[in-house]
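Topology and contacts: notes
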Amino acid sequence: MDLSFVILVEILYAIASLALISVGLAVVFGMMKVINLAHGEFMMMGGYATITAVNLGVNVFVAMLIIAPLVVGLIGLLVERLVIRHLYGRLVDTMLATWGLSLFFIGMVTMIFGNTTTSITTPIKGFTVGNYQINGYNFFVIFITICLLVGIYALLKTTRAGLIARGTMQRSDIAAALGYSPDRIYMATFFCGSALSGLAGAVLAPLVGLVPTSGGIYIAKAFITVIAGGPALITGLVTSSGLFGLVNQIFTFAISPVIGEVALLIAAVILLRLLPQGVTGKFFKGKM
């Protein structure tokens, strides 16, 4: 029973961490069709914003949940105003621009913080279950991810702002004819996606040692999860995260963490070969 509980927690944590890593990209790519190759760097900057704020005496939860998303959201706002808004509908140009931005952010962070590993301690202690040790912070990651997904679903599904945002992403000309500014809505959406990426990087910062190139750890998993999920933002994210997190942990416990990562990538290749439009391109049609 103790081992079963530990395995269940680790599976839920793997699913939650994949969803958390991918949620910002799901908003930017899934809704706006902007291929943001600097997504990992937005997460990295969220981690550095958290560590810097904590070192200045700010409460760690305030740093993670408020300061980091706000800082990265404002950086994303500048990026959207200066670069991205000129490239909507030009996928290749957007890819090149955001790849260049990722290199720029890596260089800037290296100049400011150096190339050494930095981190903060997890604010929630672990505990023992029988003969096994569980990281208590894993429960916090699971809780935050659930709150985020429920909150985004409620915002997009039940509020006027969410309806306007979704309508603009589908038919910006109709939104403009109804008196809404697509330019402002795209700007606000990119800000929210960037802030969510910063929040993800902040929440995961106590679990990893940060270096300026840490974004590379996240970007592949995020794109795999979002693309495999398909067109439905929340349903696709939950479905693909659940599938890949389960595969990862099964092979991790059965063999090793390295094999778990390899199994995740193989599962993604097989899934996209069988379902090129993603899970929700074939199933759960009409879901949000």
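Up top is the structure these notes are about.
Keep in mind the model is a prediction, meaning the values are calculated, not measured.

The rules behind the values
Residues numbered from 1 in each chain as written. Predicted model: local features only at pLDDT ≥ 70, side-chain atom pairs only at ≥ 80, totals over all residues. Heavy atoms only, no water. Helix = DSSP H or I, 4+ residues; strand = E, 2+ residues; numbered from the N terminus. Rg over C-alpha atoms; globule rule 2.2 N^0.38 Å. Buried < 20%, exposed > 50% of the residue type's maximum accessible area, 1.4 Å probe, protein only. Contact = heavy atoms within 4.5 Å. Areas by Shrake-Rupley, 256 points an atom, 1.4 Å probe, with all protein chains shown as cover. Lys, Arg positive; Asp, Glu negative; His and termini not counted. Charge placed at Lys NZ, Arg CZ, Asp CG, Glu CD. Salt bridge = Lys/Arg side-chain N within 4 Å of Asp/Glu carboxyl O. Phe/Tyr/Trp six-rings, centres within 6.5 Å; stacked < 30°, edge-to-face > 60°. Disulfide = S-S within 2.5 Å. Arc of directions from axis to C-beta. Expected span 1.5 Å × (residues − 1). Bend = angle between axes of the 7 residues up to and from the residue. Polar contact = N/O pair within 3.5 Å; in protein donor to acceptor, adjacent residues only side chain to side chain.

1. Considerations on the overall build of the protein
Within the protein one finds twelve helices and two strands. Whereas a compact globule of 288 residues would reach a radius of gyration of roughly 19 Å, the protein reaches 19 Å, a difference of no more than 12%. Each of the three principal axes of the protein carries a C-alpha extent, and together these read 65 × 45 × 35 Å. Every one of the 288 residues in the protein was classed for burial, and the buried ones make up 49%. Taking all contacts inside the protein whose residues are at least 6 apart in sequence as the whole, residues at least 24 apart take part in 77%. As displayed, the protein has an accessible area near 13900 Å², and 70% of this comes from carbon and sulfur atoms. Separation between the mean location of the 15 positive side-chain charges and that of the 8 negative ones in the protein comes to 11 Å.

2. What about the environment of glycine 126?
Assignment of secondary structure puts glycine 126 in the loop between helix 4 (91-113) and strand 1 (127-129). On a C-alpha basis, the gap between glycine 126 and isoleucine 142 in space is 15 Å, while along the polypeptide they are 16 residues apart.

3. Considering the pattern of salt bridges
In total, this model carries four salt bridges according to the counting rule given. Across the pair arginine 81 and glutamate 80 runs a salt bridge whose closest N-O atoms are separated by 2.7 Å. Here arginine 81 falls in the partly exposed class, since its relative accessible area comes to 22%. Salt-bridge contacts for aspartate 93 lead to arginine 90; the nearest nitrogen and oxygen are separated by 2.8 Å. Looking at arginine 90, the relative accessible area reads 40%, which means it is partly exposed.

4. Remarks on the side chain of serine 22
By the secondary structure assignment, serine 22 is in helix 1 (residues 2-32). Residue serine 22 is classed as buried on the basis of its relative accessible area, which comes to 0%.

5. Here's the deal with the packing of aromatic side chains
Describing an aromatic ring pair means giving the distance of the ring centres and the angle of the ring planes. The full count for this structure, using the stated rule, is eight aromatic pairs. Through a chain of ring-to-ring contacts, the aromatic side chains of Phe42, Phe104, Phe105 and Phe190 assemble into a single cluster.

6. Section: the state of the cysteines
The final tally for this structure, using the stated rule, is zero disulfides. Cysteine 147 takes part in no disulfide bond, and the closest cysteine sulfur, belonging to cysteine 192, lies 17 Å away.

7. Here's the deal with helix 6 (residues 160-170)
Of all the residues in helix 6, the buried ones are Gly162, Ile164, Ala165, Thr168 and Met169. Angularly, the buried residues of helix 6 cover 165° about the axis, an arc narrow enough to put them on a single face. Among the exposed residues of helix 6, those pointing more than 90 degrees away from its buried face are Arg160, Leu163 and Gln170. Residues of helix 6 that are buried sit in contact with helix 1, helix 5 (137-158), helix 7 (172-177) and helix 8 (182-204).

8. Topic: the side chain of glutamate 41
Within the secondary structure layout, glutamate 41 lies in helix 2 (residues 39-55). Of the buried charged residues, glutamate 41 lacks a salt bridge, with lysine 221 as the closest side chain of opposite charge at 15 Å.

9. Digging into helix 3 (residues 60-82)
Its 23 residues place the ends of helix 3 32 Å apart at the C-alpha level, agreeing with the 33 Å of an ideal helix rising 1.5 Å per residue. Residue isoleucine 67 marks the point of greatest curvature in helix 3, where the axis turns by about 35°; the proline proline 69 follows within four residues. By the burial criterion, the buried members of helix 3 are Val60, Ala63, Met64, Ala68, Pro69, Val72, Gly73, Gly76, Val79 and Glu80. Contact partners of the buried residues in helix 3: helix 2, helix 4, helix 5 and helix 8. Regarding helix 3, its N-cap is asparagine 59, as a side-chain oxygen of that residue lies 2.9 Å from the backbone nitrogen of phenylalanine 61 further along.

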